[in-house]
Protein chains: 2
Amino acid sequence: MSSLTILGATGSVGRSTLKLVRETPGRFRIAALAGGRDADALAALARELKPGFVAIADPASGARLADLLDGSGIANGAGPSAVIAAAQWPADMVVAAISGIAGLVPTVAAFGAGRRVAVANKECLVAAGAFFMAEAKRTGTELLPMDSEHNAIFQALSAAPAAHVEKVTLTASGGPFRTATLDEISRAGPQDALRHPNWSMGAKITIDSATLMNKGLELIEAHHLFSLPPERLEAVIHPESVIHGLVAFRDGSVVAGLAVPDMCVPIAHCLAYPERMETTCRRLDLARVGRLTFEAPDLERFPALRLAISAMEAGGSAPTVLNGANEVAVAAFLAGRIGLLGIAAIVEETLAQTATGDAPASVEAAMACDSDARAIAHSLLPKFAAKAS
Amino acid sequence: MSSLTILGATGSVGRSTLKLVRETPGRFRIAALAGGRDADALAALARELKPGFVAIADPASGARLADLLDGSGIANGAGPSAVIAAAQWPADMVVAAISGIAGLVPTVAAFGAGRRVAVANKECLVAAGAFFMAEAKRTGTELLPMDSEHNAIFQALSAAPAAHVEKVTLTASGGPFRTATLDEISRAGPQDALRHPNWSMGAKITIDSATLMNKGLELIEAHHLFSLPPERLEAVIHPESVIHGLVAFRDGSVVAGLAVPDMCVPIAHCLAYPERMETTCRRLDLARVGRLTFEAPDLERFPALRLAISAMEAGGSAPTVLNGANEVAVAAFLAGRIGLLGIAAIVEETLAQTATGDAPASVEAAMACDSDARAIAHSLLPKFAAKAS
């Protein structure tokens, strides 16, 4: 029986992880759980799974969580320090599935010798990739990529050492605006952008998928996770989301990771690694799928991807700035304050207004750089405000 | 510098292997070469590559080979024993690329402790699979699959131990008659059947691809090579021949091997294994390929595949009989003596007329069983003779 902590337990990845845990009784014991602000959902999970500790990130929800767990004997706390305590709770494996830059501090806090940390939060690697990887190495932490694309690539990389890799390709569904004109994209509202064709995910990542910023962030994530230079990384549009990632070796062989578009598969892969667990995840049936299509991404209609690739190439603090500005802009878009193309515009102008510094060498440096970028992005919101329709 | 022997040096796989050898000067030294009956081509290769020994299988071509090599100082011989001598010549690696059952004796003769044998001949594994695998194990020979499908699966299997495999899928192009009606197939002549859409190969395997017998033989080959029960193996039609094989693991993950349809890639993989060599093989560009399609095979129009699957399930001597009868029938089809559907009909009737025995436990037993099957198939040729058109 292996012990498992889930950071982001009430989110999309957290819930999918717990579904697998329930399907394999006797395989995992839940060590600790952390959630954002849904005290009711978190308390229900805690009463069911009986972890040693439960944390809620939102300090204002702490009293409600404590009330709901009263008499259960389950230790609990609220606020950032409680989430860190959950991350550091004794466990064999930690699933790091807190969305956004908020996941950085708890994920790094989860590092420890002999521990496996399954990383579902890409912002850690985008905003503080070099530091994050160095810290994992220093602490003897084994990182497992839980994002479907990176998980596919991780599996494909088994076929040969990284030294023999010629190119790594991440696929992108293209999102709901794959075939839309630039004009249609400019008029898209949150409801349009949240209608993802293949994946059921949280709001932030769904918007990032609509702008293709998500694929840009994933390229940066892959750059760090797999120690690959930017020129060995590329994205290809693949609307069916069946092939998630491909590794081309220097002999011309290509090894790819495939699965139905469902987080069930990469989560199961990480949970059982290096073994494989039997799952009820939906199976891929290529004859039924019938066809898979591919096209080069259009950087004109999807400027966010172009910006992310440039930030990866520039290195230093550029990806941190890109990520921070993007989070502010996505939130503004979801709140109806800016249009979809305003996201890339704000990110671009934030990058232009920021002197490129060194890559953040600590969590504090990353958070400071992120915070500066957010301030600039916020200040730009009025300039890109959506016209009332 | 590693030493390499090529059995079937003047054939399609042999020539592609030598092309890679020439492209990587200093990497390989040619230990020995064996060819079928083209003394001129074999002598030219020998003068260029200066092997220690050259063998020609056809005894009648021995004098010509000796003449052509006169004064070169290169030892040479003719007939089956010379081919065996070439197979046993000191070498780090042997490429076993003699087509048909004729490859069995020399390939097994090439086995030896610490040797790598790259197997491009599928009939060895079909006609004597259990014995072949046991013999490789007993002699400490490492087998590398050079067939594109098995090579793809071999690479994909790096992602987890075989115990976690749920299903292995081999793709088939569907050949030139994929969309043909049964009536059209029944009227196809050798020139139609030799027009393979994707691969440039020898005549025997091209006809096998047109009937889908090739995929059936490959399923049997995979059954032995990867120690997988028949129910874990399947074929899917994939006209673009880009994905060559897929391994589905029990967690729902699928890892696949892809490449342009060119033997350059699997040959290069085997030659450098476990390293990877830089090659000039054409590279896969999915955005340019655009789309990949898949469909279930139609066992009505392609009865040869149905027969091969049944033979794999029946086990024992059935695959040996299937293979022997198929070789006779394909030769008769190429000679214009029977129609394309006559191939499966002869194989089916040969199987029906043969009592299923144990799997051949020696090369001699396999050759005897093969020979009996051939005699029966030959005797059936008049019954299925093509009507003069």
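Up top you'll find the structure we're talking about.
Presented here is a report on the structure given in the accompanying data block. (Residues numbered from 1 in each chain as written. Chains lettered and ligands numbered in written order. Predicted model: local features only at pLDDT ≥ 70, side-chain atom pairs only at ≥ 80, totals over all residues. Heavy atoms only, no water.)

On to the relation of the copies chain A and chain B. Note: a rotation about an axis with an accompanying shift along it relates these two copies of the chain. Rotating chain A by 180° and moving it 0.0 Å along the rotation axis overlays it on chain B with an RMSD of 0.0 Å. The symmetry that links the two subunits is that of a two-fold axis. Looking at the interface residues of chain A, 100% of them are also at the interface in chain B, so both copies use one shared face. (Least-squares fit on C-alpha atoms with pLDDT ≥ 70 in both. Contact = heavy atoms within 4.5 Å.)

Residue and element names in this part refer to chain B. Taken together, the 7 strands give an open sheet; going across it, the order is β4-β3-β2-β1-β5-β6-β7, and neighbouring strands pair in parallel fashion. Two strands bound the open sheet, and with one partner strand each, they are β4 (75–78) and β7 (142–145). Averaged over all pairs of adjacent strands, the angle between their axes in this sheet comes to 20°, without regard to strand direction. Across 4 bridges, strand β2 (residues 28–35) lies against strand β3 (residues 53–56) in parallel orientation. Bridge assignment links A32 to a residue of β3, and that residue is F53. (Pairing = 2+ DSSP bridges. Helix = DSSP H or I, 4+ residues; strand = E, 2+ residues; numbered from the N terminus. Axes fitted to C-alpha atoms, helices over the stretch in contact; angles between N-to-C directions.)

Turning next to helix α6 (residues 123–139) of chain A. Residues and elements named next belong to chain A. Taking 1.5 Å per residue as the helical rise, α6 with its 17 residues ought to reach 24 Å, whereas the 20 Å between its terminal C-alpha atoms falls clearly short. At G129, α6 shows its strongest bend, of approximately 105°. Of all 17 residues that make up α6, 12 are buried, and the element is covered over most of its length. Those residues of α6 lying buried are E123, C124, L125, V126, A127, A128, G129, F131, F132, E135, A136 and T139. One or two steps after α6, the chain reaches G140, where phi turns positive at roughly 70°. (Expected span 1.5 Å × (residues − 1). Bend = angle between axes of the 7 residues up to and from the residue. Buried < 20%, exposed > 50% of the residue type's maximum accessible area, 1.4 Å probe, protein only.)

Moving on, we get to the packing of aromatic side chains. This model, assessed by the stated rule, comprises 6 aromatic pairs over all chains. Relative to F132 of chain B, the ring of F111 of chain B lies with its centre 5.0 Å away and its plane at 65°, an arrangement referred to as edge-to-face. Here the residue F111 of chain B occupies a position in the loop between α5 (104–109) and β6 (116–119), and F132 of chain B occupies one in helix α6 (residues 123–138), the gap between them amounting to 21 residues. For the residue pair F111 of chain B and F132 of chain B, the accessibility class agrees, reading buried in each case. Between F154 of chain B and Y273 of chain B the ring centres are 5.4 Å apart and the planes differ by 65°, which places this aromatic pair in the edge-to-face class. Of this pair, F154 of chain B sits in helix α7 (residues 148–156) while Y273 of chain B sits in the loop between α12 (264–272) and α13 (286–289), and the two are 119 residues apart along the sequence. Across from the ring centre of F249 of chain B, 4.0 Å away, lies the NZ or CZ of R276 of chain A, which sits over that ring. (Phe/Tyr/Trp six-rings, centres within 6.5 Å; stacked < 30°, edge-to-face > 60°. Lys NZ or Arg CZ within 6 Å of the ring centre and 35° of its normal.)

Another point: the state of the cysteines. Summed over the entire model, instances satisfying the criterion amount to 2 disulfides over all chains. Note on cysteine connectivity: C264 of chain A is disulfide-linked to C281 of chain A, with sulfurs 1.9 Å apart. Since a negative S-S torsion denotes a left-handed disulfide, the C264 of chain A-C281 of chain A link at about -75° is left-handed. With C264 of chain A in helix α12 (residues 264–272) and C281 of chain A in the loop between α12 and α13 (286–289), the pair connects residues that are 17 residues apart, well separated along the chain. With relative accessibility at 11%, the residue C264 of chain A sits in the buried group. What makes C281 of chain A buried here is its relative accessible area of 4%. We note that C270 of chain A lacks a disulfide partner, and the nearest cysteine sulfur, in C281 of chain A, lies 12 Å from it. Its sulfur unpaired, C369 of chain B is 15 Å from the next cysteine sulfur, which belongs to C124 of chain B. (Disulfide = S-S within 2.5 Å.)

Before going further, it helps to examine the pairing of strand β11 (residues 254–258) of chain B. Regular strands show a simple pattern: their side chains alternate between the two faces of the sheet. For β11 of chain B, the buried fraction is high: 5 of the 5 residues fall into the buried class. Along β11 of chain B, one buried face is formed by V254, A256 and L258 of chain B and the opposite face, lined by V255 and G257 of chain B, is buried too. Judged from the 5 bridges that link them, strand β11 (residues 254–258) of chain A and β11 of chain B form a sheet pairing that is antiparallel. Along β11 of chain B, the bridge assignment pairs V255 of chain A with G257 of chain B. Strand direction decides the pairing type here: strand β10 (residues 243–249) of chain B and β11 of chain B, joined by 5 bridges, are antiparallel. Opposite V247 of chain B, over in β11 of chain B, you have V255 of chain B as the bridge partner.

Strand pairing in a sheet relies on backbone hydrogen bonds, with the paired strands running either antiparallel or parallel. Strand order in the open sheet formed by 8 strands is β9(A)-β8(A)-β10(A)-β11(A)-β11(B)-β10(B)-β8(B)-β9(B), and the pairing between neighbours is mixed. With one partner strand each, in any of the chains shown, β9 (233–237) of chain A together with β9 (233–237) of chain B form the two edges of the open sheet. When the angles between neighbouring strand axes are averaged without regard to direction, this sheet yields 20°. Taken strand by strand, helix α7 (residues 148–156) of chain A contacts β8 (165–172), β10 (243–249) and β11 of chain A together with β11 of chain B, and its axis lies near 35° from that of β10 of chain A.

Let's shift gears to the packing of helix α11 (residues 213–225) of chain B against helix α15 (residues 318–334) of chain B. Residues and elements named next belong to chain B. Packing of α11 against α15 leaves a shortest axis separation of 12 Å and a crossing angle of 150°. Comparing the axis directions of α11 and α15 gives the class roughly antiparallel. Along this stretch, α11 crosses α15, giving a crossing that reads as left-handed. Between α11 and α15, the residues in contact are M213, L217 and I220 and P319, L322, N323 and N326, respectively. Tallied by class, the residues present in the contact of α11 with α15 amount to 5 nonpolar, 2 polar and no charged. (Parallel < 35°, antiparallel > 145°, perpendicular 65-115°, else oblique. Left-handed = near helix turned anticlockwise from the far one by under 90°. Nonpolar A, V, L, I, M, F, W, Y, C, P; charged D, E, K, R; others polar.)

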